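Descriptive structure summary
In case you want the letters, here they are:
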Amino acid sequence: QRSLVGSEMCIRDSYDDFLRRHKNLNVLFLELGTGYNTPSIIKYPFWQMTAAWPDAFYACINLGQTEVPLEIQNKSIGISKDAGEVIENLLTGV
């Protein structure tokens, strides 16, 4: 594993700061089209924070891959549709 340098560290620090400042607020962890190629980057951290944060909610929009752990099912929604179509429908009011 390599260490973060330069702009990568700045981005990581900003992200960590954002998470710290919003931990006790209503937060939606929205996952769009994320599969299982690299779940440790988005999917698993979102699940962990949803479980740990009292006012967090997790939403996954992904055609055919909307699994949600039992621990967060009451704080989650999975929509098995193409993310682009869902966003288009939201924007056009369909």
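Just above sits the structure.
Rules of the game
- Residues numbered from 1 in each chain as written.
- Predicted model: local features only at pLDDT ≥ 70, side-chain atom pairs only at ≥ 80, totals over all residues.
- Heavy atoms only, no water.
- Helix = DSSP H or I, 4+ residues; strand = E, 2+ residues; numbered from the N terminus.
- Buried < 20%, exposed > 50% of the residue type's maximum accessible area, 1.4 Å probe, protein only.
- Contact = heavy atoms within 4.5 Å.
- Areas by Shrake-Rupley, 256 points an atom, 1.4 Å probe, with all protein chains shown as cover.
- Lys, Arg positive; Asp, Glu negative; His and termini not counted.
- Charge placed at Lys NZ, Arg CZ, Asp CG, Glu CD.
- Pairing = 2+ DSSP bridges.
- Right-handed = clockwise from strand over helix to strand, strands pointing away.

With that settled, the discussion passes to the overall build of the chain. A count of helical and extended segments in the chain gives three helices and three strands. Ordered by position from N to C terminus, the α and β elements of the chain give α-β-α-β-β-α. If one aligns the C-alpha atoms of the chain with their principal axes, the spans along those axes are about 45 × 25 × 25 Å. Looking at the chain as a whole, 27% of its 94 residues qualify as buried. Long-range pairs, those at least 24 residues apart, make up 41% of the contacts in the chain between residues at least 6 apart in sequence. Roughly 6700 Å² of accessible area belongs to the chain as shown, and the carbon and sulfur atoms make up 56% of that amount. Averaging the coordinates of the 8 positive side-chain charges in the chain and doing the same for the 11 negative ones gives two points 6 Å apart.

Attention shifts here to the pairing of strand 2 (residues 56-61). Within strand 2, five of the six residues are buried, which leaves it mostly tucked inside the rest of the structure. Summarising the sheet, strand 1 (residues 27-32) and strand 2 pair through six bridges and their orientation is parallel. Directly across from Leu32, in strand 2, lies its bridge partner Ile61. Between strand 1 and its parallel partner strand 2, the chain crosses via helix 2 (residues 43-52), and the hand of that crossover is right-handed. Judged from the four bridges that link them, strand 2 and strand 3 (residues 76-79) form a sheet pairing that is parallel.

Right, let's get into the side chain of Glu31. Here Glu31 shows up in strand 1. Residue classification places Glu31 among the buried residues on the basis of a relative accessible area of 1%.

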